[in-house]
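The primary structure of each chain is shown beneath.
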Amino acid sequence: MPELPEVETIARQLAKLVTGRTIASFASDWERLTEPEPVPLIAARLAGRRIEAVRRRGKLVVFVLDGGDSLCTSLRMTGRFAFRDLGAAAPERFTRATFVFTDGAGLDFVDMRKLGRMALVDSSEIAPAESGGDRTLNAPLHLAMGREPLGRSFTVAWLRAFLRRRRRAAIKPLLLDQRGIAGIGNIYASEALWRARIHPLRTAGSVGPDEIARLHEAIQWVLRKAIRLHGSTLRTYRDSSGRQGGMQHEFVVYDRAGGPCDRCGASIRRTVIGGRGTFHCPQCQRAPRARVKR
Ligand SMILES: [Zn+2]
């Protein structure tokens, strides 16, 4: 599933392709794409709307429309966008929806596993990524949105207060909880914890002030580096032009079980925490003394 850097890459590419274009029509033969709203209702509301911007919020691709609404897309496992000249090219296999623009261009939503979802919401519900608000978007994508880790409001002081509030939670699953910090997934949580030298099973309350400062730096460092490399490509993810990202070649722990730690040479270990494969260095990231509930 694409995380913040992958979705940021997609949103930036889409912004160049569709900003300023007007939607003539929208159609989908996958009725659950816009649930609980029926597709024809969403299609009626999209017709005639101009795309003013494309941005990212958490792991959502957000099409900002004129008139104050935004179309949010959760790509989930295999969802992606493909831009095409409607007169010249046929849609790809697994195309679930198509935006037709007034100038004859089109944008397909391709999703093999059909887990992606779209929702039309009031733009005020989606705080801009850079301001990183605490607004909660519960319905209809069932995604609560916390702070943007690259936003100005994601400060060391905020992170310290957040970890104190959730002190009993294990740190790695806490980083994945979109209601706290938006956009971090399994890959970048593992990478950031390695950089900060914090064991993924430590409780949030056991992480000291120096470690919190390191974690803050590490989260921003890994996300910025991944954005610079256009995200990482694993199995099904491609950016909207079909290219691969480059971050997967830079992983220091993720998917590197048995390989040497870049810092100390110890063997990277894979464990399962909260049902997710987790990678850490047993030497640099010391296990917590007391056992915590998994
Ligand atoms: Zn190490």
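The rules we used
Residue numbers restart at each chain and count upward from 1, following the sequence in its written direction. Only residues with pLDDT of at least 70 are given local features in this predicted model, and only at 80 or more are side-chain atom pairs given and counted; all residues enter the totals for whole chains, interfaces and linings. Each side-chain value is derived from all of the structure's non-hydrogen atoms; neither hydrogens nor water enter the calculation. Remark: nonpolar core denotes a set of buried residues (Ala, Val, Leu, Ile, Met, Phe, Trp, Tyr, Cys) joined through side-chain atoms within 4.5 Å. A simple rule labels every residue: compare its accessible area, found with a 1.4 Å probe on the protein chains alone, to the largest value its type can have, and call it buried under 20%, exposed over 50%, or partly exposed in between. Going along the chain from the N terminus, every DSSP run of H or I of four or more residues is numbered as a helix, and every run of E of two or more is numbered as a strand. Residue contacts are counted whenever heavy atoms from the two residues lie within 4.5 Å of one another. In summary, the pairing rule links any two rings of Phe, Tyr or Trp, Trp by its six-membered ring, whose centres are within 6.5 Å, and it sorts them by plane angle into stacked for under 30 degrees, edge-to-face for over 60 and tilted for everything else. Placement of a positive charge over a ring is assigned whenever Lys NZ or Arg CZ falls within 6 Å of the ring centre and within 35 degrees of the normal to the ring plane. Metal coordination here is assigned from N, O and S atoms located within 2.8 Å of the ion, or within 3.2 Å for Na, K and Ca; omission of water means that sites may look incomplete. For four-coordinate sites, all angles between 85 and 135 degrees define a tetrahedron; for four- and six-coordinate sites, opposite donors beyond 155 degrees with the remaining angles between 65 and 115 define square planar and octahedral shapes respectively, and all other cases count as irregular. Basic side-chain nitrogens of Lys or Arg form a salt bridge, by our definition, when they fall within 4 Å of a carboxyl oxygen of Asp or Glu.

1. Digging into the nonpolar core
Step number 1: Judged by nonpolar contacts, the single largest core of 42 residues is most densely connected at Leu159, Leu163, Ile181, Leu215 and Ile219.
Step number 2: Counting only elements with at least two residues in this core, the list comes to helix 3 (156-165), helix 4 (171-176), helix 5 (186-196) and helix 6 (209-228).
Step number 3: No other element matches helix 6, which puts eight residues into this core.
Step number 4: Setting aside chain neighbours within four positions, we find isoleucine 181 in contact with Arg147, Pro149, Phe154, Trp158, Leu159, Phe162 and Leu175.
Step number 5: Counting residues in hydrophobic clusters, the runner-up holds 29 residues, among them Ile10, Ile42, Ala43 and Val54.

2. Some remarks on the packing of aromatic side chains
To describe a pair of aromatic rings, one takes the distance between the centres and the angle between the planes.
Step number 1: For the structure shown, the criterion picks out eight aromatic pairs.
Step number 2: Taking 4.8 Å as the distance between ring centres and 55° as the angle between the ring planes, the aromatic pair formed by phenylalanine 26 and phenylalanine 99 counts as tilted. Linking phenylalanine 26 in strand 1 (residues 23-28) with phenylalanine 99 in strand 6 (residues 95-101), this pair joins segments that are 73 residues apart in sequence. In terms of burial, phenylalanine 26 and phenylalanine 99 fall into one category: buried.
Step number 3: Joined through ring pairs, the aromatic side chains of Phe26, Phe63, Phe81, Phe99 and Phe109 make up one cluster.
Step number 4: Across the ring face of tryptophan 221, the terminal group of arginine 195 is positioned such that the distance to the ring centre comes to 3.8 Å.
Step number 5: Note that arginine 263 overlies the ring of tryptophan 194, its terminal NZ or CZ placed 3.9 Å from the centroid.

3. Structural notes on the coordination of the zinc ion
Step number 1: For the zinc ion, the full set of protein donor atoms is Cys261 (SG), Cys264 (SG), Cys281 (SG) and Cys284 (SG), and the range of their distances to it is 2.2 to 2.4 Å.
Step number 2: Coordination at the zinc ion comes from four donor atoms whose angles at the metal span 100 to 115°, giving a geometry best classed as tetrahedral.
Step number 3: Given the relative accessible area of 37%, cysteine 264 is considered partly exposed.
Step number 4: Residue classification places cysteine 281 among the buried positions, given a relative accessible area of 0%.

4. With respect to the pattern of salt bridges
Step number 1: With the rule as written, the count across this model stands at 18 salt bridges.
Step number 2: The residue arginine 56 makes a salt bridge to glutamate 8 at a minimum N-O spacing of 2.7 Å. Highlighted residues: arginine 56 in strand 2 (residues 51-57) and glutamate 8 in helix 1 (residues 4-18), separated in sequence by 48 residues. Of the two residues examined, arginine 56 and glutamate 8, each falls in the buried class.
Step number 3: For arginine 256, the salt bridge identified is with aspartate 262, shortest N-O distance 3.9 Å.
Step number 4: Here arginine 256 falls in the partly exposed class, since its relative accessible area comes to 23%.
Step number 5: According to the relative accessible area criterion, aspartate 262 is exposed, its value standing at 56%.
Step number 6: Look at the salt bridges and you will find they share partners, linking Glu8, Arg12, Arg56, Arg57 and Glu148 into a network.

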